[in-house]
Amino acid sequence: MALELEHGTAGTAVPSRLAPGVVTIVSLAGLLAVWWVAATLADSRVLPTPPEVAEAFWRDARTGELFFHLGMTLMRVAGAFAIAMAVGSAIGIFLGMNREANRFFDPWVILFLNVPALVLIVLAYIWFGLNEAAAIGAIAVNKIPNVVVTLREGARALDRDLEEMARVYRFSFARTLRHVVLPQLQPYFAAASRSGISLIWKIALVVELLGRSNGVGFQINLYFQLFDVAAILAYTLAFVAVMLIIEFLLVQPFEAHSTRWRPKRARG
Amino acid sequence: MSNLSKPIPPAGGRNALEVEIRGKTFRGADGEAVRAIETIAFEVAPASFATLIGPSGCGKTTTLRIILGLDEDYEGRLRLPDEGHGRIAAVFQEPRLLPWRTVEENVRLALSDDEAERDLDQLFAVLGLAEMRSRYPSELSLGLARRVALARAFAVRPSLLLLDEPFVSLDEQTATRLRKLLMDVWSARPTTALMVTHNLREAVQLSDRIIFLTERPSRVRGVHDIAKPRAERDTRWREATLSAIAKRYSGVL
Ligand SMILES: Nc1ncnc2c1ncn2[C@@H]1O[C@H](COP(=O)(O)OP(=O)(O)OP(=O)(O)O)[C@@H](O)[C@H]1O
Ligand SMILES: [Mg+2]
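Residues numbered from 1 in each chain as written. Chains lettered and ligands numbered in written order. Predicted model: local features only at pLDDT ≥ 70, side-chain atom pairs only at ≥ 80, totals over all residues. Heavy atoms only, no water.

The name an unreviewed UniProt entry assigns to chain A is ABC transporter permease, from the organism Jiella sonneratiae.

The following block contains the structure:
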């Protein structure tokens with residue numbers, strides 16, 4: 001079956017354009033079916049069926065509680081994401097352009113890359129108290145080293161020829177940044193934010209679980225103590241859905257727009 | 001010839017371009033020193049067109065980079081037309097366009113803020129780029145991309161124009177067409193120009209002065225001035241000049 005499908009997509013041009021969407025739906029439906037069958041067979045509270053999860057979703061959605069907690073987590077994710085991208089790219093671009101500084105700070109980057117998220121979170125709460133700033137800061141600090149490494153790669157790959165052209169034609173600093181440097185870094189920003197969002201929201205839940213009284217992580221901890229797996233899954237799926245919507249409505253259109261100059265190659 | 005800018009402004013600055021490089025050494029990645037230039041000294045009169053010819057790897061691009069201010073690690077001195085107040089334009093060996101900006105944006109970005117909205121219709125028309133203004137560089141052939149690089153260079157109304165083998169790796173027909181276009185735009189507003197080339201025929205056709213360089217480490221081997229007006233340089237004259245030059249500077253061809 002899979003083999004036939006592959007043949008079909010490779011052979012003709014039109015189905016290959018339709019196929020990805022169809023394949024995604026079929027694949028997700030398959031996962032849902034497996035879950036449903038397994039849950040029915042197990043017939044246990046620890047593995048609820050899809051309708052039970054939907055019911056738990058409704059219960060908290062009707063009161064508005066679910067949206068409040070989703071909103072709080074989303075706020076933390078957005079804040080930490082903005083801080084991590086801004087600070088991380090500034091450091092990354094600086095290190096990528098300055099060889100001496102990079103040689104000096106490289107061990108720091110490696111160190112921070114390898115400090116466990118949990119340690120940073122606990123330390124942030126101890127040092128700065130159980131407050132919102134510490135929570136968002138802890139999430140951001142977890143992400144910054146990744147952004148640094150990615151953007152450092154990007155800054156190292158900057159085109160010297162274009163930089164010289166900009167100098168000869170007396171581009172101002174702002175013009176060089178906007179028209180010469182940032183477009184070259186765009187793929188690296190995209191890569192950093194892609195891996196960034198998924199990492200950040202996972203860490204955000206831990207941060208909430210350890211030291212906040214709202215947010216998806218806090219709710220999951222609560223339902224863990226109540227042993228309500230249906231509610232845990234409901235919150236998880238709701239948040240994943242939000243992140244997917246952001247990906248499709250914000251990230252991908254932005255990427256398509258900013259790479260429109262790329263030669264469009266016909267794919268066989 | 002076409003008349004690009006109606007009242008012909010004084011172009012090329014007040015004084016000649018004076019180049020005097022007394023030594024340029026590169027330090028390779030392995031620490032070994034490469035002496036690229038021994039002594040290169042020459043002048044280019046205001047509003048005239050000069051050509052630099054020499055064997056491959058003798059330091060022509062290096063000379064241009066020094067004049068452009070991209071390489072400041074050399075001994076010697078420079079005097080730019082307008083003493084550096086006027087603008088310098090360069091057409092590099094590769095077109096060096098921003099792939100993510102359209103043809104028109106690429107040209108306009110080189111303009112200063114106060115002339116950003118200037119009318120470039122005529123320039124684009126003369127260079128045959130009128131239809132290409134909203135294309136991206138990846139959609140252009142090399143010949144067209146070189147024309148965009150020329151448009152950018154002339155758009156800034158430079159007092160000094162530097163060209164590094166602008167017609168290399170084009171088919172002869174395209175190169176001939178581009179040479180004519182270059183002369184058209186340049187004659188409309190003659191500015192001090194210095195071009196690097198391997199092609200003596202091209203140099204003889206375009207320049208007022210040809211500067212011959214030796215092998216690395218390079219020195220000036222000789223300077224050949226051409227007084228004949230460009231319009232009168234017919235095939236017979238060209239062949240005669242070429243063979244005269246070949247006799248004097250054997251080995252450069
Ligand atoms: N960054 C550099 N580091 C070390 N050596 C260099 C560097 N740039 C140029 N060189 C050397 O200096 C010499 C002159 O180089 P240059 O590019 O100026 O030559 P050119 O006359 O423009 O050659 P071509 O006709 O091939 O374009 C060459 O031998 C080259 O190997
Ligand atoms: Mg060269």
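Q: Help me understand the pattern of salt bridges in this model?
A: Using the criterion set out here, one finds 29 salt bridges over all chains in the structure. Among the ionic pairs, Glu164(A) bridges to Arg65(B), the shortest N-O distance being 2.7 Å. Of this pair, Glu164(A) sits in helix H8 (residues 160-168) while Arg65(B) sits in helix H1 (residues 60-68), each in a different chain. The class of Glu164(A) is buried, set by a relative accessible area of 9%. The class for Arg65(B) is partly exposed, based on a relative accessible area of 24%. (Salt bridge = Lys/Arg side-chain N within 4 Å of Asp/Glu carboxyl O. Helix = DSSP H or I, 4+ residues; strand = E, 2+ residues; numbered from the N terminus. Buried < 20%, exposed > 50% of the residue type's maximum accessible area, 1.4 Å probe, protein only.)

Q: What am I meant to see in the interface of chain B and chain A here?
A: Size of an interface: often given as the accessible area lost when the parts come together. Counting residues at the interface gives 29 residues for chain B and 18 residues for chain A. For the chain B and chain A pair, buried surface summed over both sides reaches about 2,100 Å², with 56% attributable to carbon and sulfur atoms. Remark: the boundary between chain B and chain A carries four salt bridges. Here chain B is connected to chain A by 11 residue pairs in polar contact (both at pLDDT 80 or more). Breaking the side of chain B that touches chain A down by element, the ones donating at least two residues are H1, strand E5 (88-91) and helix H4 (142-155) of chain B. Broken down by element, the residue count for the side of chain B that touches chain A peaks at three residues, all from E5(B). (Contact = heavy atoms within 4.5 Å. Buried area = accessible area lost by both parts, 1.4 Å probe. Polar contact = N/O pair within 3.5 Å; in protein donor to acceptor, adjacent residues only side chain to side chain.)

Q: Sorry, what's going on with the site of ligand 1 here?
A: Residue and element names in this part refer to chain B. Around ligand 1 lies a shell of 13 residues, among which Ser-56, Lys-60, Thr-61, Thr-62 and Arg-216 are the nearest. Within the side chain of Thr-61, a nitrogen or oxygen atom sits 2.6 Å from an oxygen atom of ligand 1. A distance of 3.5 Å is found between an oxygen atom of ligand 1 and a side-chain nitrogen or oxygen belonging to Gln-93. Contact with the protein chains removes 64% of the 640 Å² of surface that ligand 1 exposes when unbound. For the shell around ligand 1, the element with the most residues is H1, which contributes three residues. For the shell around ligand 1, the residue count by class is three nonpolar, seven polar and three charged. (Near = heavy atom within 4 Å. Areas by Shrake-Rupley, 256 points an atom, 1.4 Å probe, with all protein chains shown as cover. Nonpolar A, V, L, I, M, F, W, Y, C, P; charged D, E, K, R; others polar.)

Q: Please clarify how the layout of surface pockets should be interpreted in this entry.
A: Empty space among the atoms can be located by rolling a probe the size of a water molecule over them. Residue and element names in this part refer to chain A. Reported here for the largest pocket is a volume of approximately 830 Å³. Lining the largest pocket are 33 residues, and of these Ala-190, Ser-193, Val-251, Phe-254 and Glu-255 sit closest to its centre. Secondary structure elements with two or more residues in the lining of the largest pocket: helix H4 (65-97), helix H9 (173-211) and helix H11 (229-258). Looking at the lining of the largest pocket element by element, the count peaks at 12 residues for H9. Its residues assigned to classes, the lining of the largest pocket comprises 21 nonpolar, five polar and seven charged. Volume-wise, the second largest pocket comes out at about 550 Å³. Taken together, 24 residues make up the lining of the second largest pocket; nearest its centre are Met-97, Ala-155, Leu-158, Arg-160 and Glu-163. When contributions to the lining of the second largest pocket are tallied by element, the ones reaching two or more residues are H4, helix H5 (99-114), helix H7 (132-156), H8 and H9. It is H9 that contributes the most residues to the lining of the second largest pocket, seven residues altogether. (1 Å grid on protein atoms, 1.4 Å probe; cavity = no way out; pocket = protein on both sides within 12 Å on 5 of 7 lines; lining within 4 Å. Points joined across faces, edges and corners; volume = space filled by probe spheres on them.)

Q: Is there a simple way to think about the domain arrangement of chain B in this case?
A: Residue and element names in this part refer to chain B. Domain annotation of chain B identifies domain 1 (17-87 + 158-248) and domain 2 (97-157). Look at where the C-alpha atoms of domain 1 and domain 2 centre, and you get two points 24 Å apart. Across the domain 1 to domain 2 interface the summed buried area is about 1,400 Å²; carbon plus sulfur atoms make up 70%. Connecting domain 1 to domain 2 are zero salt bridges. Its residues assigned to classes, the side of domain 1 that touches domain 2 comprises 12 nonpolar, three polar and five charged. (Domains from an automatic or database assignment.)

Q: Where do I start with unusual backbone geometry in this structure?
A: Peptide bonds are mostly trans, and most non-glycine residues show a negative phi. Residues and elements named next belong to chain B. In the segment running from Arg-216 into Pro-217, the intervening peptide bond is cis, with an omega of -10°. Relative to the helices and strands, Pro-217 resides in the loop between strand E8 (209-213) and strand E9 (218-225). The backbone phi angle of Ala-47 is positive, close to 55°, even though this residue is not glycine. Within the secondary structure layout, Ala-47 lies in the loop between strand E2 (33-44) and strand E3 (49-53). Positive phi, normally seen in glycine, also occurs at Arg-96, with a value near 50°. Within the fold, Arg-96 resides in the loop between E5 and helix H2 (103-108).

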